[in-house]
Amino acid sequence: MSPIRSVVRTTTFASLTIVLGSTRGAGAQTLGGQVVQLDTKKPLGGAAVALVDDSARVVASTSASSEGAFYLDAPAAGTYRLVVLVAGGSFVSPGVQLDAGKTVEKYFSVPDVPATFAAALFARDVTKPATPVPGNRGPVYPAGLAEAGVRAMISTMFVVSEVGQPDLATFRVLNPEPDQRFVDAIREALQRTRFVPARKNDDWVPQVVQYTFDFGLAGDPERGDVVIRPLVVAASHEPARTHAPPAEAKAPPVKTMYIVASDELSKPEIQQMNLSEALHRLRPRLYGPPRNNTRTSIDEPPVYVNNVRVEGMASLRNITAGDVEEVRYWKREEAAMKFGMDYPYAITVKMRPDRS
């Protein structure tokens, strides 16, 4: 029996070194092993796996065998992470040290996707993904944690129903051993969050949504789909007024980093811009400074307008921002799931129905 199949582990992305120092190819440093479901230990046959370096760059990728087995060669010795893409979710392992000319084999346990997700579609399967209604109040930073300098990146999955309500029975946290105070803040916010539900052709449909909630402090880079920062209240030297109740503090706003919707694109100062310039203005972290080039480099990530691939970001200079309903930035793992290719990112543009 294979040594991999004879070992049982129960910790999320738990890894047991099975073979250290075996050689697989001259000069190669290799990560191999088996990906299985956390609870059932069932091999995840056909799961897409990718090896990511410390710069979050994919250096190798493949599909696991029917038994969940895989091998990935790294270009050099160093610390790497394994990304597993399965059932619409992406799961990232702790760092694994690969030494020159050596092979390391490990078990990687992936949380089971709830059975309730089976009846819902993922973003890649719908005509228009679910999007939050403008004006939703985001999670409130748990009391005392910001003052103590405690941060968190909480990755979640849940189903948004065909009427735009998060189904909290499907809510699942993908982090191992998360701080429950952050989880409770997210659940409380989702109870009052509403979405424009997903559409599949002409039908409203339930959709699995994956959100990362970035709880950070002032000045931290914004890394999540929803960014939460503690509310800063300026000190006042005026005497307290006891004849009126204090105003209720407003929760920090929800910021959906990767979707630019029509409410932003139709702002007076934005709507007449070309789309390329507007995106650089609205999301400088994602799209960088404005570029004046009118040609697309051969290795530029793909851009799709109404599901038709165009000549990269340069083509967006011919589109007026006010004519666009939605622009979505697909991160590397999402782009791999949607387009079946390894791109640093991808961009999709949906025009307003009355525009071509």
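Located above this text is the structure these notes cover.
Owing to the predicted nature of the structure, the values given are computational and were not obtained by experimental measurement. Along each chain, residues carry numbers from 1 onward, in the same order as the chain's sequence is written. Residues qualify for local features only when their pLDDT is at least 70, as the model is predicted, and side-chain atom pairs are given and counted only at 80 or more; totals for whole chains, interfaces and linings, by contrast, use all residues. To get the side-chain values, take all heavy atoms of the structure and skip hydrogens and water.

Colleague: Describe the packing of aromatic side chains, naming the residues involved and giving the relevant values.
Modeller: The description of an aromatic ring pair rests on the distance of the ring centres and on the angle between the ring planes. Ring pairs shown here join Phe, Tyr and Trp side chains whose ring centres sit within 6.5 Å, with only the six-membered ring taken for Trp; geometry is labelled stacked below 30 degrees between planes, edge-to-face above 60, and tilted in between. The full count for this structure, using the stated rule, is 11 aromatic pairs. Pairing Tyr 141 with Phe 215 gives two aromatic rings, centres 5.6 Å apart and planes at 85°, and the pair type is edge-to-face. Placement of the pair is Tyr 141 in the loop between β10 (131–132) and β11 (152–160) and Phe 215 in strand β16 (residues 207–215), with a sequence separation of 74 residues. Think of it in three bands: with a 1.4 Å probe and only protein chains considered, a residue is buried below 20% of the maximum accessible area for its type, exposed above 50%, and partly exposed in between. The exposure class of Tyr 141 is buried, given its relative accessible area of 8%. Only DSSP runs of H or I reaching four residues or more are called helices, and only runs of E reaching two or more are called strands; each is numbered from the N terminus.

Colleague: Can you break down helix α3 (residues 275–282) residue by residue, with the values?
Modeller: Among the eight residues in α3, six count as buried, and that is most of the element. Those residues of α3 that fall on the buried side of the exposure criterion are Leu 275, Ser 276, Ala 278, Leu 279, His 280 and Leu 282. Whether two residues are in contact is decided by their heavy atoms: any pair within 4.5 Å suffices. Looking at the buried residues of α3, the elements they touch are β18 (259–261), α2 (262–265), α4 (284–287), α5 (312–315), β21 (324–330) and β22 (346–351). Where α3 begins, one side-chain oxygen reaches toward the backbone nitrogen of Ser 276, 3.2 Å away; that side chain belongs to Asn 274. Two N or O atoms form a polar contact when they lie within 3.5 Å of each other; inside protein one atom must be a possible hydrogen donor and the other a possible acceptor, and for residues adjacent in sequence the pair counts only when both atoms belong to side chains.

Colleague: So what's going on with the environment of Met 273? Which residues, and what values?
Modeller: In this fold, Met 273 is placed in the loop between α2 and α3. C-alpha separation for the pair Met 273 and Asn 318, spaced 45 residues apart in sequence, amounts to 9.9 Å. Setting aside anything within four residues of it in sequence, one finds Met 273 in contact with Ala 278, Arg 281, Ile 319, Thr 320 and Ala 321.

Colleague: Explain helix α1 (residues 180–191) to me, using residue names and the numbers behind them.
Modeller: Here, expected helix span is obtained from the residue count minus one, scaled by 1.5 Å. With 12 residues, α1 ought to run about 16 Å at 1.5 Å a step, and its terminal C-alpha atoms sit 17 Å apart, in line with that. Residues of α1 that are buried include every one of Phe 182, Val 183, Ala 185, Ile 186, Ala 189 and Leu 190, and no others. All buried residues of α1 lie within an arc of 160° about the axis, which places them on one face of the element. Tucked into the core, α1 has its buried residues touching β11, β12 (166–173) and β16. Taking the helix axis as origin, the arc is that swept by the directions to the C-beta atoms.

Colleague: A description of the sheet that holds β16 should follow, citing residues and the corresponding values.
Modeller: In sheet architecture, strand pairing relies on hydrogen bonds along the backbone and comes in two forms, parallel and antiparallel. Pairing between two strands requires that DSSP report at least two bridges joining them. In spatial order, the strands read β12-β11-β16-β17; together these four strands make up an open sheet with mixed pairing. Edge positions in the open sheet fall to β12 and β17 (226–228), since each of these has one partner strand only. Across the sheet, the mean angle from the axis of one strand to that of its neighbour is 30°, orientation sign disregarded. In this sheet, β12 lies alongside β11 in antiparallel orientation, the contact comprising four bridges. Paired with Met 157 across the bridge in β12 is Arg 172. With axes taken as lines fitted to C-alpha atoms, and helix axes fitted only over the stretch in contact, angles between N-to-C directions fall between 0 and 180 degrees. In this fold α1 packs onto β11, β12 and β16, with an angle of close to 160° to the strand it touches most, β12.

Colleague: How would you sum up the environment of Ser 109? Please name residues and give values.
Modeller: Looking at where Ser 109 falls in the secondary structure, it is placed in strand β9 (residues 103–110). Put simply, Ser 109 and Val 84 are 25 residues apart on the chain and 9.9 Å apart in space, counted from C-alpha to C-alpha.

Colleague: I'd like a rundown of the pattern of salt bridges, residues and numbers included.
Modeller: Salt bridge, as used here: a side-chain nitrogen of Lys or Arg that lies within 4 Å of a carboxyl oxygen of Asp or Glu. Tallied over the full model, the rule gives eight salt bridges. Here Glu 325 and Lys 128 are joined by a salt bridge, their closest N and O atoms 2.3 Å apart. With Glu 325 in strand β21 and Lys 128 in the loop between β9 and β10, this pair connects stretches of sequence that are 197 residues apart. Assigned by exposure class, Glu 325 and Lys 128 land together as buried. For Glu 326, the salt bridge goes to Arg 328, with nearest N and O atoms at 3.9 Å. There is no split in this pair, since Glu 326 and Arg 328 are both buried.

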